[in-house]
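Understanding the architecture of this molecule
So the chains spell out like this:
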Amino acid sequence: MTQKIYYDAAYTREWHTHITNRVTKEDGVYVTLAETAFYPHGGGQPCDLGRIGGIAVLDVNLEDGEVWHKLERFPEQDEVDCELDWERRFDHMQQHTGQHLLSAITLKLTDAMTLSFHLGTDYATIDVATETLDPEQLAEVEQEVNRQIVRNAPVRSSWVTAEEAARLPLVKQPTVTEDIRIVEIEGVEYNACGGTHVAATGEIGIIKLLKTEKIKSNTRIYFKCGTRTLNEFAAIQQVLNGITTKLKTSRDELLERIEKMEQEQKQLQSELNAVKSTNDAYYAEELLAAREGLVIAQIFENKSLKDMQSLATKLTEEHEGLVLFASISEAKVVLAQNGQPPEWACGPFFKGNLGAYQGKGGGSEKIAQAGFASSEDALAFYEFTKEQLGHHS
């Protein structure tokens, strides 16, 4: 069976070994090694990647105690040089050790036990057994976690028996009864874990809590550690610099400037709505004067769905007939009515005919709207609807 050197030598990056087995499966080729530092999927931590004999490792899994490495193709020789993707491995070590520290401090300060851990490619999460964590609690947890990082406490791993494990102040007793691996953060916690970790908390770098989310009766905490946190700060700083440059203001005055812009925007929108309402009133009079029978139909080059709905509603308040609008730019059609017979209920009419024109939409008996894949489809449906209305006007 493979010697799993990732347990006791997590900083191994390169080694020489030999292939002990080769298997071809439906999804690709796999090999086992006499010794491996490639960590397989497990415990919320993704697998390592790298190269075996110069060939890319695509996946690593543990099956019946054996570590299987999925490769792009089989190496020609059994004797192989192996190399980890160290940047990926060290990132996982930072995030996983950071999770241990975060879980321990969250339990200590909020009495919330960690239920699960997920390490994604962008961020990591823990689910803790509490419905809410207020901002003050999260700030206290974050401060204490980072204080423990600065303390640079040693992180050690060891193998113990079930009897020895029972005597340790473990957060949770392991389900296995043999080959129990304990990870200790000195002065913080003991935890049964099979993952890879940094040698001291200082190598975590920094932990930043990003947000929380309620998951049933629990809380999910999103966080980043180490290099991921630095990259997060760099991305935020780039956006912040862009905004302050665009608005010609400082970071300290940014919120005040945005609030002022929001007030100005509301005022401008109010004025614009008043102008639109006046224009709609005049335009409605023109359309009413030019109507043919019970139908008012109009194609607009560039009019939003919201504006068409508003104008159609205004017309149906004064017009005992049908209003049909189409917007070329938005590929949208609106049909409205007030007081027409049931067979001209707008929503049901759209539902029964939109499919033939690749349209999607619906509505009530009095007003319906639909969007189309192209303006050609929208205009075709408009013409069809206009023709149908004309037969019954």
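These numbers were taken from a predicted model, which means no experiment stands behind them.

For the rest of this paragraph, the subject is the overall build of the protein chain. For the protein chain, the count of helices and strands is eight helices and 20 strands. In terms of overall size, the protein chain is more extended than a compact globule, its C-alpha atoms giving a radius of gyration of 33 Å where 393 residues would be expected to give roughly 21 Å. Reported as C-alpha extents along the three principal axes, the dimensions of the protein chain are approximately 90 × 55 × 40 Å. The burial tally for the protein chain puts 43% of its 393 residues in the buried class. A separation of at least 24 residues holds for 60% of the contacts in the protein chain among residues at least 6 apart in sequence. Put simply, the protein chain shows about 21500 Å² of open surface, and 49% of that area lies on carbon and sulfur atoms. Here the protein chain holds 39 positive side-chain charges and 61 negative ones, and the gap between their average locations is 3 Å.

Next up on the list: the UniProt feature "coiled-coil region" (unreviewed entry) in the protein chain. In the numbering adopted here, UniProt assigns the feature "coiled-coil region" (unreviewed entry) to residues 244-281. Spanning residues 244-281, this segment combines 84% helix with 0% strand, and its end C-alpha atoms are found 42 Å apart.

The next point concerns the environment of tyrosine 39. Residue placement: tyrosine 39 occurs in the loop between β4 (35-36) and β5 (50-52). Tyrosine 39 sits in the buried class, given a relative accessible area of 6%. Taking C-alpha positions, tyrosine 39 is 8.5 Å from leucine 49, a pair spaced 10 residues apart along the chain. In this structure, tyrosine 39 is in contact with Tyr6, Gln45, Pro46, Cys47, Asp48, Val60, Arg89, Gly194, Gly195 and Thr196, ignoring residues within four places of it in sequence. Here the side chain of tyrosine 39 touches glycine 42 through a polar contact of 3.1 Å, landing on its backbone oxygen.

Together, Ile206, Phe233 and Ile236 line one region of the surface with nonpolar side chains, adding up to about 240 Å² of accessible area. Checked against the element boundaries, isoleucine 236 lands in helix α4 (residues 226-247).

Under the 1.5 Å per step criterion, the end-to-end length of helix α2 (residues 135-151) is 24 Å for 17 residues, consistent within 8% with the ideal 24 Å. On the buried face of α2, the contacting elements are α1 (86-110), β14 (207-215) and β15 (218-225).

Below, the discussion takes up the confidence of the model for the protein chain. Per-residue confidence for the protein chain averages 91 on the pLDDT scale, and 97% of its residues sit at or above 70. Across the protein chain, β5 holds the top mean pLDDT of 98, while helix α5 (residues 254-289) sits lowest at 83.

Core analysis: the largest hydrophobic core is formed by 50 residues, its most contacted members being Phe38, Ile52, Val145, Ile207, Leu209 and Phe223. Here the element with the most residues in this core is α1; it accounts for six residues. There are two domains that each give this core at least three residues, and those are domain 1 (3-84) and domain 2 (90-234). In this structure valine 145 touches Leu101, Leu102, Ile105 and Ile207, once residues within four positions along its chain are discounted. One finds Leu324, Ala326, Ala331 and Val333 within the second-largest nonpolar core, a separate group that totals 21 residues.

By the element assignment, glutamate 213 lies in strand β14. On the basis of relative accessible area, glutamate 213 is assigned to the partly exposed category, the value being 33%. As for glutamate 213 and methionine 1, which are separated by 212 residues in sequence, their C-alpha atoms are 42 Å apart. Excluding anything up to four places from it in sequence, glutamate 213 contacts Asn218, Thr219, Arg220 and Tyr222. Here the side chain of glutamate 213 touches tyrosine 222 through a polar contact of 2.5 Å, side chain to side chain.

Before going further, it helps to spend a moment on the pairing of strand β3 (residues 28-33). Among the six residues that make up β3, six are buried, leaving the element largely enclosed by the rest of the structure. Of the pairings in the sheet, the one linking strand β2 (residues 14-25) to β3 comprises six bridges and is antiparallel in character. By the bridge assignment, arginine 22 is partnered in β3 with valine 31. Turn length for the β2-β3 hairpin, with the two strands adjacent in sequence and antiparallel, is two residues. With three bridges connecting them, β3 and strand β7 (residues 66-71) associate as antiparallel partners. Residue pairing for β7: valine 29 is matched across the bridge by leucine 71.

What counts as what
Residues numbered from 1 in each chain as written. Predicted model: local features only at pLDDT ≥ 70, side-chain atom pairs only at ≥ 80, totals over all residues. Heavy atoms only, no water. Helix = DSSP H or I, 4+ residues; strand = E, 2+ residues; numbered from the N terminus. Rg over C-alpha atoms; globule rule 2.2 N^0.38 Å. Buried < 20%, exposed > 50% of the residue type's maximum accessible area, 1.4 Å probe, protein only. Contact = heavy atoms within 4.5 Å. Areas by Shrake-Rupley, 256 points an atom, 1.4 Å probe, with all protein chains shown as cover. Lys, Arg positive; Asp, Glu negative; His and termini not counted. Charge placed at Lys NZ, Arg CZ, Asp CG, Glu CD. UniProt positions renumbered as here; feature names shortened; annotations may be inferred. Polar contact = N/O pair within 3.5 Å; in protein donor to acceptor, adjacent residues only side chain to side chain. Patch = residues over 30% accessible without salt bridge, like charges linked within 9 Å, V, L, I, M, F, W, Y side chains within 5 Å. Salt bridge = Lys/Arg side-chain N within 4 Å of Asp/Glu carboxyl O. Expected span 1.5 Å × (residues − 1). pLDDT = per-residue confidence, 0-100. Core = buried A, V, L, I, M, F, W, Y, C linked by side-chain atoms within 4.5 Å. Domains from an automatic or database assignment. Pairing = 2+ DSSP bridges.

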